[in-house]
Amino acid sequence: MAEKVLMKGNEAIAEAAILAGCRHYFGYPITPQTEIAAYMAKRMPKIGGCFLQAESEVAAINMVYGLASTGKRVMTSSSSPGISLKAEGLSYMAGSDLPALVVNVQRGGPGLGGIQPSQSDYFQATRGGGHGDYHMIVLAPASVQEMASLTFKGFDLAEKYRVTSMILADGTMGQMMEPVELEMGEVNEHDKSWAVTGTKMARKHNIINSLSLNSEQLEQQNFERFERYKKIEENEVMYEEFMMDDAEICVVAFGIASRVSKNAIMEARAKGIKVGMIRPITLWPFPKKALETAAEKCKAFISVELSMGQMIEDVELAIRCKRPVTLCNRVGGMIPSSEQVLATIEQVQGGLE
Amino acid sequence: MIVFEKPKALADVPFHYCPGCTHGIIHRLVAEAIDELGIEGQTIGVAPVGCSVFAYNYFNCDMVEAAHGRAPAVATGLKRSDPENHIVFTYQGDGDLASIGMAETVHAATRNENITIIFVNNAIYGMTGGQMAPTSLPGQVTQTSPYGRDPKHCGYPVKVCEMLSQLEGPEYLERVAVNNIKNIRAAKKAIKKAFENQIQGKGFSLVEVLSSCPTNWGMTPQKALEWIDEAMIPYYPLGVYKDRSAE
């Protein structure tokens, strides 16, 4: 058993990125994720890496674009308003098939919003965020340990499929401290023959590009990209089942909402209510099959969110609206209490009787 | 006997540029500099959005196509990946560099980012069909300033070299033109120096090249070259605006 250290969620992300071989970080300060930048600013110069504070989120994501073009591991992090600014770059990276890791420690919105926790960038993250047909792999940690392990895995998945991986966390995950085991294993090597590192006069030039004025060609590129997305959906779905064996009610929640929900489920179980939870760890690809299977036995679903009902649409789609889905939510930086989730469970149970 | 050859760093593909456009000359000067310095194998170029968007097809070195205005940020990533071995240049127009990409330009300059920028100023948005650029001259008629650019309504042109020369950061700023043999020779010298500076680790080097756009200026190629002398150079004087090593 490896040694555990007590870390803040944001710092766990930064250290795990370094362990994954990331030596370049570009970012712009924004609450509540600035600890990631501060950690990188301290560590990178000591390990031969590069931390650079960009003039804007727009510049930061384009520095990531440049660095990723050279085939090396690179990351940026921000919070909701900053991710909107990065959306242009995210679209270009998808169009150029560049791997990178982007962290969104969400805060309440829209607009400048607040600085307290939120999950209201769910649509933005799971639908890509910028213009055009594309996806990112979206990973939703529910503990400081997962902040680290999903960051490590995120880099690997990004390179394996040449896509952007996004850690979709929230202010609570970023700020809370928990023991973390930092033993992350080996870093996998992936093909980088596409990278621009200078031809050394030994090969034809490589071009990193998302422009294609030939419509047939652009269509083919989209088809090819979606073939890769299909493989991701087949191979990389991650979720946790909690007390689902005999569950009649299925709570669906991720991140901080899943932790609150676990407490509520234990209390409901003590009252004899057969309730369990499916916690998506990958928000894209969404654990559709797990929910579809659950819909065979469960009579009702509850989507617990820090948003006005965003993930609930994916839940309804996954179960083809076969069962009723109830929304249990708080927004604007507020977190649903376990009492609120329990009350919703009891209310849904009441409707089943 | 071959007396005149295409530079090796230029790809053997037809340019898409309009007749009389001077992008072709500027491409050639960049390629000559790369050839003469023997750096093609370690050079990575960044193409902009605008008329020279297809520059990634025209150079034989590795190339990256950037989002509109973001070339200096992309170049920063490319350079910081391997500062010892990567030679990085951007090739940008006036809309790209001096309008939408102004922040990226100024901050790459103030960081003295060790990159080379070829800034092609033809005072108009060419690719989109001739709209007013940040560098369009007062009174200049364009699609979006049909009565002539009125500074009272939409402000004055941006003088990029003059502006950047106020910063502590940049190593080298020079404005040149490619409208006659004498100016082309001076432009070649400046472009080569901008690459040499990078090889020597001196830092941010930008060469502003006054270029013609006969199509969107509504002039013959000959008249367009004359207009650079008559209208552009008086507003945008040629010369070295900053050269730290020479100070």
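Every value quoted in this text rests on a predicted model; they were computed, and no experiment measured them.

**Student:** Tell me about the overall build of chain A, and please be specific about residues and values.
**Tutor:** Across its full length, chain A holds 12 helices and 15 strands. The C-alpha atoms of chain A give 21 Å as radius of gyration, which agrees with the globular expectation for 353 residues (20 Å, within 12%). Seen along its three principal axes, the alpha-carbon backbone of chain A occupies a region of about 75 × 50 × 45 Å. Per-residue burial over chain A gives 59% buried out of 353 residues. Relative to all contacts within chain A whose residues are 6 or more apart in sequence, the contacts with residues 24 or more apart total 78%. Roughly 14,100 Å² of accessible area belongs to chain A as shown, and the carbon and sulfur atoms make up 52% of that amount. Averaging the positions of the 36 positive and the 42 negative side-chain charges in chain A gives two centres separated by 3 Å.

**Student:** Hey, could you go over the overall build of chain B for me, with residue numbers and the actual values?
**Tutor:** Looking only at helices and strands, one finds 10 helices and seven strands in chain B. Its C-alpha atoms give chain B a radius of gyration of 17 Å, near enough to 18 Å, the size a compact globule of 247 residues would have. C-alpha extents for chain B along the principal axes are approximately 50 × 50 × 35 Å. Counting every position in chain B, which comprises 247 residues, the buried fraction comes to 59%. At a minimum sequence separation of 6, the contacts of chain B that also span at least 24 residues come to 68%. Counting 21 positive and 26 negative side-chain charges, chain B places the averaged centre of each group 4 Å from the other.

**Student:** Tell me what's going on with the domain arrangement of chain A, and back it up with residues and numbers.
**Tutor:** All names here are of chain A. As assigned here, chain A comprises domain 1 (4-186 + 210-235) and domain 2 (240-352). Each of domain 1 and domain 2 was reduced to a C-alpha centroid, and the two centroids are 27 Å apart. At the interface, 30 residues of domain 1 touch 27 residues of domain 2. Here domain 1 meets domain 2 over a buried area of about 2,400 Å², counting both sides, of which 58% is carbon and sulfur. For the domain 1 face of the interface with domain 2, the top three residues by lost area are Q119, Y122 and F123, together amounting to 29%.

**Student:** Describe a nonpolar patch on the surface, naming the residues involved and giving the relevant values.
**Tutor:** Residues and elements named next belong to chain B. Nonpolar side chains collect at one region of the surface, where M1, V3 and F4 lie side by side and expose about 480 Å² of accessible area between them. Within the element layout of this structure, M1 appears in the segment before α1 (23-37). Classification of M1 as exposed rests on a relative accessible area of 94%.

**Student:** Account for the side chain of H23 of chain B, naming residues and giving values.
**Tutor:** Residue and element names in this part refer to chain B. Of note, H23 is situated in helix α1. With relative accessibility at 4%, the residue H23 sits in the buried group. In terms of polar contacts, H23 uses its side chain to reach the side chain of Y91, at 2.8 Å. With residues near it in sequence (within four places) discarded, H23 still touches Y17, C51, S52, Y91, V120 and S211.

**Student:** Quick rundown of the interface of chain A and chain B? Include the residues and the values.
**Tutor:** Counting from both sides, the interface comprises 33 residues of chain A and, opposite them, 33 residues of chain B. Around 2,500 Å² of area is buried between chain A and chain B when both sides are counted, 60% of it from carbon and sulfur atoms. Ranking the residues of chain A by area buried against chain B places E55, N62 and H205 of chain A at the top, with a combined share of 20%. Linking chain A with chain B are three salt bridges, by the criterion used here. Put simply, D62 of chain B and R203 of chain A hold a salt bridge, and the shortest N to O gap is 2.7 Å. At the boundary of chain A and chain B, one finds 18 residue pairs in polar contact (both at pLDDT 80 or more). Of all the secondary structure elements, the ones that give two or more residues to the side of chain A that touches chain B are β2 (24-27), β3 (50-53), α3 (57-69), α4 (80-95) and β9 (207-208) of chain A. Here the element with the most residues in the side of chain A that touches chain B is α3 of chain A; it accounts for eight residues. Considered class by class, the residues forming the side of chain A that touches chain B number 16 nonpolar, 12 polar and five charged. In terms of strand pairing, β9 of chain A meets strand β2 (residues 62-65) of chain B through two bridges, oriented parallel. Bridge pairing in β2 of chain B links I208 of chain A to V64 of chain B.

**Student:** Give a detailed account of the side chain of Q106 of chain A, specifying residues and quantitative values.
**Tutor:** Among the structural elements, Q106 of chain A can be located in strand β5 (residues 100-106). Within the structure, the side chain of Q106 of chain A is placed 2.9 Å from the backbone nitrogen of D121 of chain A, a separation counted as a polar contact.

**Student:** Let's hear about unusual backbone geometry: which residues, and what values?
**Tutor:** Across the junction of G109 of chain A and P110 of chain A, the peptide omega takes the value 0°, indicating a cis bond. On the secondary structure map, P110 of chain A appears in the loop between β5 and α5 (122-126). Between W284 of chain A and the following residue, P285 of chain A, the backbone shows a cis peptide bond with an omega angle of 0°. In this structure, R320 of chain A is a non-glycine residue whose phi angle is positive, near 50°. We note that N112 of chain B has phi near 50°; this positive angle belongs to a residue other than glycine. The residue N112 of chain B is located in the loop between α5 (102-110) and β4 (116-121) in this model. For N112 of chain B, a relative accessible area of 22% corresponds to the partly exposed category.

Cut-offs used in this document
Residues numbered from 1 in each chain as written. Chains lettered and ligands numbered in written order. Predicted model: local features only at pLDDT ≥ 70, side-chain atom pairs only at ≥ 80, totals over all residues. Heavy atoms only, no water. Helix = DSSP H or I, 4+ residues; strand = E, 2+ residues; numbered from the N terminus. Rg over C-alpha atoms; globule rule 2.2 N^0.38 Å. Buried < 20%, exposed > 50% of the residue type's maximum accessible area, 1.4 Å probe, protein only. Contact = heavy atoms within 4.5 Å. Areas by Shrake-Rupley, 256 points an atom, 1.4 Å probe, with all protein chains shown as cover. Lys, Arg positive; Asp, Glu negative; His and termini not counted. Charge placed at Lys NZ, Arg CZ, Asp CG, Glu CD. Domains from an automatic or database assignment. Buried area = accessible area lost by both parts, 1.4 Å probe. Patch = residues over 30% accessible without salt bridge, like charges linked within 9 Å, V, L, I, M, F, W, Y side chains within 5 Å. Salt bridge = Lys/Arg side-chain N within 4 Å of Asp/Glu carboxyl O. Polar contact = N/O pair within 3.5 Å; in protein donor to acceptor, adjacent residues only side chain to side chain. Nonpolar A, V, L, I, M, F, W, Y, C, P; charged D, E, K, R; others polar. Pairing = 2+ DSSP bridges.

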